[in-house]
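Structural characterization, general
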Amino acid sequence: MRTVVIGSGSWGTALAQVLQDNHQEVLVYGVAEAEVNDINENHKNSKYFEDVELNPELKATTDIQCVKGADIVLLAVPTIAIDPICHQINDLLDKKTIIINVSKGFHPETNERMSEVIRRCIDEDKLSSVVSLIGPSHAEEVVIRLLTTIDAISLNNEDAVTVQNLFSNQYLRIYTGNDEIGSELGVAIKNVMAIASGILSGLGYQDNTRAALITRGLQEMIRYGVHFGGQQKTFMGLTGIGDLIVTCTSVHSRNFEAGYQIGKENSVENFFKNNTKTVEGVRTAKIVHRVAKENGIDMPICEEVYQILFNGKLPSDCAQDLMIRDLKKEF
């Protein structure tokens, strides 16, 4: 099968290399000519992986026409770009194609999950199905072939199994699942929890605090996900607790890193002034805040992150306010 990976960033490059390692036909599409040339000529993507040598057979292009004839198109772009890129490739697709989504978040205006955005933007006669390839993973580890497990989530089990077989190898193991709602909500909301985890670390809190955050954060993810039709057991898996752990504890996480800066300075001001990276949890915090309020879903950690990011509340005050809420049973 022929796969085109849209996006020459860290995750797109790492996943494309997985396919190349598996002797699949794969091509990376990117808009940054320097990155594309680096992949083709130097077998590197130095912007993201300074000292990593990529599979020398991996190739990239700046020609979007490459999606013509593809059996699979993998979208490795920020959530904000999924809608426009889908409209762009829709005119080029010439047969039913599996669209793989690896983004974690919501449409910034409609609040749709990524699979919903893709189904809205790609014509029905050109879409086999959407498969979300998501779970606890950092590109920095996959690209150097460290052991990783993630999920291929789809309403179409046959396509999920196809993706599972294409990507699985000795260092990347893929499981399949069909709880699209629970899985996509889990991997989106955990980004907010990762910001909270970074803030707490920046404030000087340590292991006890992080354990509490992860545990209570998981409860918020379950509460939100089940309300909208997700299965509770999903949050005990890779797209729930798995992704939550890796994102809340790793220096590779942009969301954790952003939170750490905010906590260290006990202020959000410099983060917004200086940040140039995609931090999905920021947009997600705003969406989850509004939707939770509208639906009466109790999300105290997400609410405090929202207050820090958008109302200028001091992180140190938020940490204390979480501790002095009304006492209750755990379950």
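Residues numbered from 1 in each chain as written. Predicted model: local features only at pLDDT ≥ 70, side-chain atom pairs only at ≥ 80, totals over all residues. Heavy atoms only, no water.

You'll find the chain entered in an unreviewed UniProt entry as Glycerol-3-phosphate dehydrogenase [NAD(P)+], with Holdemanella porci given as the organism. Per UniProt, the chain has the following entry under Subcellular location (unreviewed entry): "Cytoplasm". Quoted verbatim from the Pathway (unreviewed entry) heading of the UniProt record, the comment on the chain is "Membrane lipid metabolism; glycerophospholipid metabolism." (UniProt positions renumbered as here; feature names shortened; annotations may be inferred.)

Details of the state of the cysteines
Following the criterion strictly, the structure yields zero disulfides and no others. Between Cys-66, a free cysteine, and Cys-86, which holds the nearest cysteine sulfur, the sulfur-to-sulfur gap is 14 Å. Judged by its relative accessible area of 9%, Cys-66 is buried. (Disulfide = S-S within 2.5 Å. Buried < 20%, exposed > 50% of the residue type's maximum accessible area, 1.4 Å probe, protein only.)

Section: the domain arrangement of the chain
Assigned domains within the chain: domain 1 (2-178) and domain 2 (181-323). The C-alpha centroid of domain 2 is placed 26 Å from the C-alpha centroid of domain 1. Contacts between the two partners involve 27 residues from domain 1 and, on the opposite side, 26 residues from domain 2. With both sides pooled, the region where domain 1 packs onto domain 2 buries about 2,100 Å², and carbon together with sulfur makes up 61% of that total. Summed over the three residues of domain 1 that lose the most area to domain 2, namely Lys-104, Phe-106 and His-138, the buried surface amounts to 30% of that side. The interface formed by domain 1 and domain 2 contains two salt bridges. With a shortest N-O distance of 2.9 Å, Asp-243 and Lys-104 are connected by a salt bridge. Counting across the interface, domain 1 meets domain 2 through eight residue pairs in polar contact (both at pLDDT 80 or more). For the side of domain 1 that touches domain 2, the secondary structure elements donating two or more residues are α3 (79-90), α4 (114-121), β6 (127-134), α5 (139-142) and β7 (148-153). (Domains from an automatic or database assignment. Contact = heavy atoms within 4.5 Å. Buried area = accessible area lost by both parts, 1.4 Å probe. Salt bridge = Lys/Arg side-chain N within 4 Å of Asp/Glu carboxyl O. Polar contact = N/O pair within 3.5 Å; in protein donor to acceptor, adjacent residues only side chain to side chain. Helix = DSSP H or I, 4+ residues; strand = E, 2+ residues; numbered from the N terminus.)

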